[in-house]
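As a plain string of letters, each chain reads:
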Amino acid sequence: MTSLDAEQRVEVALTVNGLPRAATVPSRRLLSDFLRHDLRLPGTHVGCEHGVCGACTVLLDGEPVRACLMFAASARGHEITTVEGLSEPDGALSPVQQAFRECHGLQCGFCTSGFLTTATAYLEENPAPTRDEVVEAISGNLCRCTGYQNIVASVLRAAELRRERAAGQAS
Amino acid sequence: MTTRLFGAPVPRSEDARLLTGGGRYLDDLGHDAAAVAFVRSPHAHARIVDVDVTDALDVEGLLAVYTYEDLEGALAEPLPLLIPHPSIVAGRTAHALASGVVHHVGEPVVMVVASDRYVAEDVCDRIRVEYDVLPAVVGVRNARDATHLAHADVPGNVAAHLVQEVGDARAAIDAAPHVLELELDIERSACTPLEGRGVYARWDADESRLRLWSSTQTTTGVRAAVAAKLELPLSAVDCTAPDVGGGFGVKIMHPWPEEVLVPWAARRLDRELKWTEDRREHFVSSAHERAQVQQVRVGFDDAGRLLGLDVRFWHDNGAYLPYGVIVPIITSTQLLGPYKPGAYRVEFDSLYTNTVIVTPYRGAGRPQGVFAMERTMDAIADHLGRDRVAVREANFIGPDEMPYDQQMTFQDGRPLVYDSGDFPATMAKLKDLVGWDEFAAYREQARAEGRRVGIGVACYVEGTGVGPYEGGHVQVETSGKVVVATGLTTQGQGHETVFAQIVADELGVPFEDVTVTTGDTRRMPYSVGTFASRAAVMSGNAVGLAARNVRTKALRIAGDALEADPQDLEIVDGQVRVKGNPSVGLPLSTVAVLSNPLRYAFDKASQAATQFVVGDPDSPPVAEDDEPGLEGRDFYSPPQSTYANGMHAVVVETDPETAEIRILRYCVVHDCGNVVNPMIVEGQIHGGVAQGVGGALYERMAYDEDGQLLNASFMDFLMPYATEVPATVEIDHLETPSPLNPLGIKGAGEAGVIPGAAAFASAIEDAEGFRISAMPISPSELFALRARFAAGDIPAVRTAPRPEGTS
Ligand code: FES
Ligand code: FES
């Protein structure tokens, strides 16, 4: 059985969207496939499988990473956030999600998870970006539907919504 | 009165799902299905000598390996030539798995089924196929020269040949005061949706039924094709399109080999099977478009008015012709744009090459046609020293000439008759929007600062909403909720929202109460598909008509119950009530209960309904020409396409040293009739413009002479990112309602991409001062063109024409 090496199985335990998850999977299992098919969280999409389109972007300890470029085993012990984990605890859309809806920042929705995770992490770092900074921040993600104008508008609007919500909570 | 939803920028119903990871695309289904992978041809043209699977057989998890020899019955026949046409002289289509000879890199040769995709690919790696390599035909000119043949039995590589002529174009040109000739080139590009193709099949052995999901633009088409290929009754096959991650044309092609093979093997193995295309597969085994070589000869008068136009072009249709000659027919007819061509002759050859097949990509042959016509307009303006817009205006069809008969036959087999449009008004808006008249001064000023800027303009007319038909089904449930189904599919155009807007308006119910299903043959088995900017026109009108039927029925039943004349009733917010006396009425939910004379009262709604008496007690409970249920179905079938139009202007700056091309402004004026949801229409334009930018400046299929696609990845095929598109797309609308359909709408899905390449060519030419005749144009190509221009190899154009009226 020559393929046995490839099918060596490993136990992967990690935190996904705040919950402890574990599964035993082949050691060559990509993080994207692990999330999508083993953990049944198919919101993370795969557009190229070679790290270029950004559709598979998830947050690893808060930092955006491409799930198609990583083995599931390498995520052991880390905290992963996928699009399924972006909403507010009460189920309301997060500022980034809400802004994409308001600004028509998605059409087919296939690239969207990657833009949402990327923008979420970016706004943590830079809560008040300029337009050019936003373009730069999303310049590693491909979208074939929207032409990007509304995506840029969405991220700028998300920054606004974050501030509004923060102000609402403070008062 | 409830506010009208038609025309409002209603936020999309589908977004809540898609923004939270709740979308379900093809590969999100069937987590436990076995996986399919393919061994594909590494050669563009070769005879298969031997397939050796010995090394693969001991891979753990292998379930099956199939080659052409395993296929039986209809499945062993060539795949269908979907759209036959008299111009096709040699129609060749592929087999589901290659039989004897492969004709392009990527053609499926062996099908592998295994426990998961990783294992299936292990197996593919271990299968050895021996080939006897044959010479490959790559590129339009090589195909035309026919030194080698892409198919041994197709002389001259000619798949189809067509001539259409109105008047005597050649005589008109010969007699014209001015004559010009152009030779033009357009490269291949592709739809490239972010989600590739995919098929998931379940065979239910107990019921002998096939359940099929495909990432397709036509589920009814796939269903019928699969039933035919698997020799199953149509009624035993159901096909659904789940959420689809973009289409742009490539997913209207059907049946793909994988679409028939996956369900065939699922039945044979009695297992759920799924195939999900990966990115490289998408590049080499789906479809491309655009490549043409064109020769234009034009005769015109001193004002630049066309007297005769003679266009000869060669179209690269790739290795097979499953989708017929739709693309070159569209090029040859829609080339005319908003103009009166004088006498017109067009002749094309559609040629086989040993490259990926060509099927419609958003715009579908129009970008090439517009390129030919708009390059011609600019050449005429240059020749006469006239303003480029003035030359166009001299050739416009006037609004008073509508409907205008171009006396040609369009791709739907119907006469090419423009139903509406006001081209001079559209151009006036565009000139205002972009500041056309002020640009010469701006260019001069920029020049003085050592900058090169240029402006370009391009116009198009687009036949949209082609028939034959679409259907709508609308049902009011006893909860008062309204469910709507239409057969065509959705790939991001917001149909769930747009069709709900139309139904909510027609029926008088809250938007939130309406749910729309598209692309499920169980809910609407009659449909054609989503292509040719037809969804809003066709299904929009169909669901509108169906909703109208439901409304009529609701008023009749409610009239009966309330002892009122239906004419005196209205439906507002889901309540049927007496006009002028809103306190008298009943909810639609109750009408829904009353519509179905059932003897069981199993919920509150049915108990509430018992207070009303409907129907004639002496007649049967369901009258002879009636049906139970508050539902209605209708079909919309137009006599011909409805013609949308638009004009784009782009301002570019080219770097004098690096030849980099920067987009300073992009302006769009378009007329797609009445607009259901302006937010969604603008989104469609944005996306189209970005694809136009890609086609003009970045995207090409880099085939080498052996037919290897050298850039089959997102690393090498340069699709625009956010950094490559215009910061804003400035949009102005004109709404000339279509007289052809009840809602007055025209299609908008493809418009944004159509004039892109032509507008960029015009702008770059204006900035550089020499003739641009090939697209796309990258910085390095522009750099090379500058050198050729300096060497006197390409003609200069005047970049600052005399203002009109002076001499
Ligand atoms: S799928 Fe990971 S970057 Fe494209
Ligand atoms: S919305 Fe379709 S790819 Fe971005």
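Under an unreviewed UniProt entry, the name given to chain B is Carbon monoxide dehydrogenase large chain parolog without usual motifs, and the organism recorded is uncultured Frankineae bacterium.

## Points about helix H9 (residues 366-384) of chain B
All names here are of chain B. With 19 residues, H9 should cover 27 Å at 1.5 Å per step; its first-to-last C-alpha distance of 27 Å lies within 8% of that length. Where burial is concerned, most of H9 is hidden: 18 out of the 19 residues are buried. Remark: Gly385 follows H9 within two positions and exhibits a positive phi of approximately 70 degrees.

## A few points about the interface of chain B and chain A
Of the residues lining the interface, 59 residues belong to chain B; the matching set on chain A comes to 54 residues. Viewed at the interface, chain A and chain B are joined by 6 salt bridges. In this structure, Asp116 of chain B and Arg29 of chain A form a salt bridge, with 3.8 Å as the shortest nitrogen-oxygen distance. Linking chain B with chain A are 25 residue pairs in polar contact (both at pLDDT 80 or more), by the criterion used here. Breaking the side of chain B that touches chain A down by element, the ones donating at least two residues are helix H1 (15-18), helix H2 (117-126) and helix H17 (678-698) of chain B. A total of 8 residues in the side of chain B that touches chain A trace back to one element, the largest contributor, which is H17 of chain B.

## Looking at the confidence of the model for chain B
Residue and element names in this part refer to chain B. Overall, the predicted model of chain B reaches an average pLDDT of 93, with 98% of residues at or above 70. Note on residues 801-807: pLDDT is under 50 here. Beyond four places in sequence and across chains, it has 9 contacts. Among the scores for the predicted complex, ipTM is 0.96 and pTM is 0.95.

## Here's the deal with the domain arrangement of chain B
Interface extent is often summarised as the accessible area lost during association of the parts. Residues and elements named next belong to chain B. If you check the domain split of chain B, you get domain 1 (18-134 + 191-285), domain 2 (292-466 + 639-790) and domain 3 (468-636). If you average the C-alpha positions of domain 2 and of domain 3, the two centres end up 42 Å apart. At the interface, 21 residues of domain 2 touch 20 residues of domain 3. Roughly 1,500 Å² of surface becomes buried between domain 2 and domain 3 when both sides are summed, with 61% attributable to carbon and sulfur atoms. When the buried surface of domain 2 facing domain 3 is broken down by residue, Val466, Val676 and Leu743 rank first, second and third, together holding 33% of it. For the interface between domain 2 and domain 3, the tally reads 0 salt bridges. On the surface where domain 2 and domain 3 come into contact, there are 6 residue pairs in polar contact (both at pLDDT 80 or more). For the side of domain 2 that touches domain 3, the elements supplying multiple residues, two or more each, are strand S18 (452-464) and H17. A total of 3 residues in the side of domain 2 that touches domain 3 trace back to one element, the largest contributor, which is S18. Considering only residue class, the side of domain 2 that touches domain 3 consists of 8 nonpolar, 10 polar and 3 charged.

## Here's the deal with the pairing of strand S13 (residues 292-300) of chain B
All names here are of chain B. In terms of residue burial, S13 counts as a mostly covered element, since 7 of its 9 residues are buried. Note that strand S8 (residues 178-186) and S13 share 9 bridges and pair antiparallel. When the sheet's bridge partners are listed, Val179 is paired in S13 with Gly299. Here S13 pairs with strand S14 (residues 306-318) via 9 bridges, running antiparallel. If you follow Phe300 over to S14, its bridge partner there is Leu306.

## Section: unusual backbone geometry
Residue Met402 of chain B is joined to Pro403 of chain B through a cis peptide bond whose omega torsion reads -10 degrees. Residue position: Pro403 of chain B is located in the loop between helix H10 (388-395) and strand S16 (404-409). Cis geometry marks the peptide bond from Met775 of chain B to Pro776 of chain B, where omega comes out at 0 degrees. Assignment of secondary structure puts Pro776 of chain B in the loop between strand S29 (774-775) and helix H19 (779-790). Of note, His104 of chain A is a non-glycine position whose phi angle comes to about 55 degrees, a positive value. With respect to the secondary-structure elements, His104 of chain A resides in the loop between helix H2 (95-102) and helix H3 (112-125). With a relative accessible area of 2%, His104 of chain A lands in the buried category. The backbone of Ser208 of chain B shows a phi angle near 50 degrees, a positive value even though the residue is not glycine.

## Quick look at the UniProt feature "domain: Aldehyde oxidase/xanthine dehydrogenase a/b hammerhead" (unreviewed entry) in chain B
Within the UniProt annotation, "domain: Aldehyde oxidase/xanthine dehydrogenase a/b hammerhead" (unreviewed entry) is assigned to residues 20-135 of chain B. Segment residues 20-135 of chain B splits into 9% helix and 29% strand. End C-alpha atoms: 51 Å apart.

## Digging into the side chain of Asp387 of chain B
With respect to the helices and strands, Asp387 of chain B occurs in the loop between H9 and H10. Within the structure, Asp387 of chain B has its side chain in polar contact with the side chain of Trp436 of chain B (distance 3.0 Å).

## Thoughts on the domain arrangement of chain A
Residues and elements named next belong to chain A. The assigned domain composition of chain A is domain 1 (3-85) and domain 2 (95-170). Taking only C-alpha atoms into account, the centre of domain 1 sits 23 Å from that of domain 2. At the junction of the two partners, domain 1 supplies 17 residues and domain 2 supplies 13 residues. Of the roughly 1,100 Å² buried where domain 1 meets domain 2, counting both sides, 57% is carbon and sulfur surface. It is His45, Cys53 and Val83 that lose the most area in domain 1 upon contact with domain 2, and together they represent 38% of the buried surface on that side. Applying the counting rule to domain 1 against domain 2 returns 0 salt bridges. Run the count over domain 1 and domain 2 and you get 6 residue pairs in polar contact (both at pLDDT 80 or more). Broken down by secondary-structure element, the contributors of at least two residues to the side of domain 1 that touches domain 2 are strand S3 (57-60) and strand S4 (63-66). Counting residues per element, the side of domain 1 that touches domain 2 draws most heavily on S3, which supplies 3 residues. Split by residue class, the side of domain 1 that touches domain 2 holds 8 nonpolar, 8 polar and 1 charged.

Thresholds applied
Residues numbered from 1 in each chain as written. Chains lettered and ligands numbered in written order. Predicted model: local features only at pLDDT ≥ 70, side-chain atom pairs only at ≥ 80, totals over all residues. Heavy atoms only, no water. Helix = DSSP H or I, 4+ residues; strand = E, 2+ residues; numbered from the N terminus. Expected span 1.5 Å × (residues − 1). Buried < 20%, exposed > 50% of the residue type's maximum accessible area, 1.4 Å probe, protein only. Contact = heavy atoms within 4.5 Å. Salt bridge = Lys/Arg side-chain N within 4 Å of Asp/Glu carboxyl O. Polar contact = N/O pair within 3.5 Å; in protein donor to acceptor, adjacent residues only side chain to side chain. pLDDT = per-residue confidence, 0-100. Domains from an automatic or database assignment. Buried area = accessible area lost by both parts, 1.4 Å probe. Nonpolar A, V, L, I, M, F, W, Y, C, P; charged D, E, K, R; others polar. Pairing = 2+ DSSP bridges. UniProt positions renumbered as here; feature names shortened; annotations may be inferred.

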